[in-house]
Structure formats: C-alpha cells, structure tokens
Amino acid sequence: MKGKNCLIFGGSGQIGRHLIRKLTKNDYRVTVVTRNIHQKGHIIKTQGNAGYIDIIEANIFDEIRIKSLFERADICINLIGILYEKKKNSFKNIHTLFPSLLAKLSKQYNLKHFIHISALGINEAKDSDYARSKLEGEKEILKNFPLSTILRPSIVYSVDDNFTTSFMTLLNRLPVFPLYYSGKTKFMPIHSSDLVDIIYNVISKNIYSQIIECVGPETLSFKEIIEKLLNLIDKRRILLPMPLIFGKLTAKFFQLFPKPLLTEDQLRLLKYDNISSGKYKTNTDIGFPAKYLFEKEVEKYCYMWKQGGEYSKKNFY
Ligand SMILES: NC(=O)c1ccc[n+]([C@@H]2O[C@H](COP(=O)([O-])OP(=O)(O)OC[C@H]3O[C@@H](n4cnc5c(N)ncnc54)[C@H](OP(=O)(O)O)[C@@H]3O)[C@@H](O)[C@H]2O)c1
C-alpha cells in the first residue's frame, strides 16, 4: 500500500535526488517533473524502488499541463532554481511566476502541503536580481496559499552538489585561487541529507511554519571553506584577495559562457553573509537541528580530487 502522492518539481537536482530517496523509502509515492526525460530519466528513476516513482516530461511554462498534474497530488514540492539567467529561464519566470502558479494550484486543489525552497539572506541582498526574484516569489506564494512552507537554506552540499565538487576541481587545477571580499563572507553550510530530513519532517509531522531558515551546525567564512577543501585534497594554493574591480571584470568575462563560473549578480550576492538572520525560525527552533559537519562529510567523497584518486582513500586496503 503506497502512501501519499508527492508532486516534485526539480527532482533531478542535488536536493531532489536525496529527497526522492528519503520519501520513497518512507512509503511516499512521487511524481517527478523534468524538462528532459532522456537526460534526467535514469537519474530520477534510480533513486527509489520501482513502482514508487513516476516521471513526467513537461514544460513548466505549459500551465494547462502543469495544472493536470495536481489532480492526483497530495503534496507539492518545488526545488526548481537557477543561478544565472538564460533566455526564458529568467529569475522572474523561475523564482517568482512559476512558484506563484504552484501555490495557486496547491490552493485550488486543496493540497495538504506546498513546500518551496527559497534561499537564505534574500532580505538583505537587495541589489541581487536572484535574491529579489526569490523574495518576490515568497510573497506571491504566501499570498496564494498561506499554508505553504518556505525553506531558506544556506549553501547546500553533498557529493551531488555543484559547490564543493566544482571548487575542488578548480583548486586542483589553479595555482592561485581568488578570494572575493577577502573571503570574509560567512556561510552555515547544510548537508543535503539534513535539508531533506527537514522537508520530510515538515510533511510527516504536518508542520506549517511559513518561513524556516535551514542552516548547518557551523559558521564558516568563504576562506575557511576553501582552506578546509584544500586541506582535504592535500593541496597548497595561493589564496589571493581579489580587488572588487578585478572581480567585476572576471565576472563580466565569465558570464559570457553558456555555464558561467561566476556572474556579476552572484558577485553582488557574495557580499552578504549567508547565515541565520534571527528574524525567522530556524530548523533548530522547530526541533530538527542539522547533524552533519562540513569537513567530516566532504572527507567521504573528496578522494577523487586527491593524488591517487580512489587509491588515496584511508580505508582502501
Ligand atoms: N544548492 C544550494 O546550495 C542552494 C542554496 C540555497 C537555495 N537553493 C535552492 O534549492 C533549490 C534546489 O537546489 P539544487 O541544489 O537541488 O539545484 P540543482 O541541483 O541546480 O537542480 C535544479 C533543478 O531545477 C530544474 N530546473 C532548472 N531550470 C528549469 C526549468 N526551466 N524548467 C524545469 N526545471 C528546471 C532542474 O531540472 P531538470 O534539468 O531535470 O529539468 C533541476 O532538477 C533551488 O531552488 C535553489 O535555488 C539551493
């Protein structure tokens, strides 16, 4: 006998994969919507036992199709997010208009939960288009479906991320690594499993807290994060504080690429600390403190960036 039906948008991403595993193991049935079933189908399908996962290929801007997916849903979870804009994938479309539509449909179809993943620090980062679009999205969601739960995570990491894995690749290759804002910006990194546990608890314990800031157990500066990664992969690199003017020039250059390493908007966002604000409840306040420590967790998968690759693992022999 299968449990409730969860309709998940963005299930092929880092958080989505962990979430599908958690939900299906706990008897929830999931319907995952993706843009490209050929590219993402195998990633999604292999996260849970057969029979628990349905995959739908759909364009999220096709309102009629999206609406039809709500007919069988009890819970909707939105994990779709972008870090840079590309044609119709604008911050406004992805972070404001689409979540607003999902909240409206959640209300119309009387769903038990609508959970939306926003981001930490968006009230402060007023000069970032990313942050403004996320904040606008939150307002629209709460207007359309006040029972919604909005989770605002700090930076999320795991073996499937684009954060620690990309930085370890860059640190491996570059002799000098730039530190924007002298590397002083603070983060409270949260492991993807901890975040997924919070989502699971919100659903299974019927928590309706509106906005919850989701943070890990440690506060680390950007420089400390990079130093920890260097230490884990056994590399020595020059960490160079980058004057802002050069930062802006490099961002201008990088954002010309199809998958930019850094954009001007990300550079503006990086100016603001990404830590709990004290203005909203955190995961600890609602009884779900994060368990995983950054260095200990990254140690489990950093070996591929070390000299010797898998043979460098301590427990290999
Ligand atoms: N990772 C972090 O550090 C972090 C921190 C704060 C907030 N968040 C937020 O948490 C959410 C999930 O993050 P994540 O790390 O799991 O992201 P991710 O790994 O980059 O995955 C993003 C997902 O969004 C989907 N997507 C992007 N553009 C889309 C479009 N135009 N139409 C349909 N789907 C689209 C992708 O789906 P397909 O390619 O399968 O279609 C993918 O499954 C996002 O909203 C993000 O802003 C993440």
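As a reminder, the structure under discussion sits directly above these lines.
Residues numbered from 1 in each chain as written. Predicted model: local features only at pLDDT ≥ 70, side-chain atom pairs only at ≥ 80, totals over all residues.

**Student:** What's the story with the overall build of the chain in this structure? I'm lost.
**Tutor:** When you go through the chain residue by residue, the secondary structure sums to eleven helices and 14 strands. In terms of overall size, the chain behaves like a compact globule, its C-alpha atoms giving a radius of gyration of 20 Å where 317 residues would be expected to give roughly 20 Å. Projecting the C-alpha coordinates of the chain onto the three principal axes gives extents of approximately 55 × 50 × 40 Å. Taken over 317 residues, the chain has a buried fraction of 42%. A separation of at least 24 residues holds for 77% of the contacts in the chain among residues at least 6 apart in sequence. (Helix = DSSP H or I, 4+ residues; strand = E, 2+ residues; numbered from the N terminus. Rg over C-alpha atoms; globule rule 2.2 N^0.38 Å. Buried ≥ 20, exposed ≤ 12 C-beta atoms within 10 Å, placed from the backbone. Contact = placed C-beta atoms within 7 Å.)

**Student:** Which parts of the structure should I look at to understand the site of the ligand?
**Tutor:** The ligand sits among 23 residues. The nearest are S12, G13, I15, R35 and G81. Take the shell around the ligand: its biggest share by element is three residues, from helix 1 (residues 14–25). When its residues are assigned to classes, the shell around the ligand shows twelve nonpolar, nine polar and two charged. (Near = placed C-beta within 6 Å. Nonpolar A, V, L, I, M, F, W, Y, C, P; charged D, E, K, R; others polar.)

**Student:** Explanation requested: the pairing of strand 3 (residues 53–57) in the structure shown.
**Tutor:** Every other side chain in a regular strand lies on the same face of the sheet, so the side chains alternate between the two faces. Taken together, the five bridges between strand 2 (residues 29–34) and strand 3 define a ladder with parallel strand orientation. Looking across to strand 3, one finds that V32 is bridged to I55. With respect to chirality, the unit in which strand 2 leads through helix 2 (residues 37–45) into the neighbouring parallel strand 3 is right-handed. (Pairing = 2+ DSSP bridges. Right-handed = clockwise from strand over helix to strand, strands pointing away.)

**Student:** What's the story with unusual backbone geometry in this structure? I'm lost.
**Tutor:** Negative phi characterises most residues that are not glycine, and trans characterises most peptide bonds. Of note, the phi angle at Y181 is positive, near 50°, even though the residue is not glycine. Given 17 C-beta atoms within a 10 Å radius, Y181 is considered partly exposed. Of note in this structure, Q210 is not a glycine but carries a positive phi near 65°. Overall, the presence of 14 C-beta atoms within 10 Å leaves Q210 in the partly exposed class.

**Student:** What am I meant to see in the environment of I238 here?
**Tutor:** Mapped onto the elements of the fold, I238 is located in strand 13 (residues 238–242). Using a count of 9 C-beta atoms within 10 Å as the deciding quantity, one classes I238 as exposed. Spatially, the C-alpha atom of I238 lies 24 Å from that of Y157, the residues being 81 residues apart in sequence. Among all residues touching I238, those that are not within four sequence positions of it are P175 and V176.

**Student:** Would you mind going over the nonpolar core with me for this structure?
**Tutor:** What tends to happen in soluble globular proteins is that the nonpolar side chains get buried as a cluster. If you look at the biggest cluster of nonpolar residues, it comprises 76 residues, and the most contacted ones within it are I8, I77 and I199. If we ignore the near neighbours within four places in the chain, the residues touching I8 are G16, L19, V30, T31, V32, V33, I77 and L79. Residues Y180, M242, L262 and L267 belong to the second largest nonpolar core, which totals five residues. (Core = buried A, V, L, I, M, F, W, Y, C linked by C-beta atoms within 7 Å.)

**Student:** Is there a simple way to explain the pairing of strand 6 (residues 149–153) in this structure?
**Tutor:** With five of its five residues buried, strand 6 lies for the most part within the structure. Burial along strand 6 is two-sided: the face carrying T149, L151 and P153 and the face carrying I150 and R152 are both buried. As judged from the three bridges shared by strand 5 (residues 113–117) and strand 6, these two strands associate in the parallel manner. Paired with H116 across the bridge in strand 6 is I150. Crossover strand 5 to strand 6 through helix 5 (residues 129–144) is right-handed. Two strands pair when backbone bridges link them, and strand 6 and strand 11 (residues 211–214) are joined in this way by four bridges, in the parallel orientation. By the bridge assignment, I150 is partnered in strand 11 with I211.

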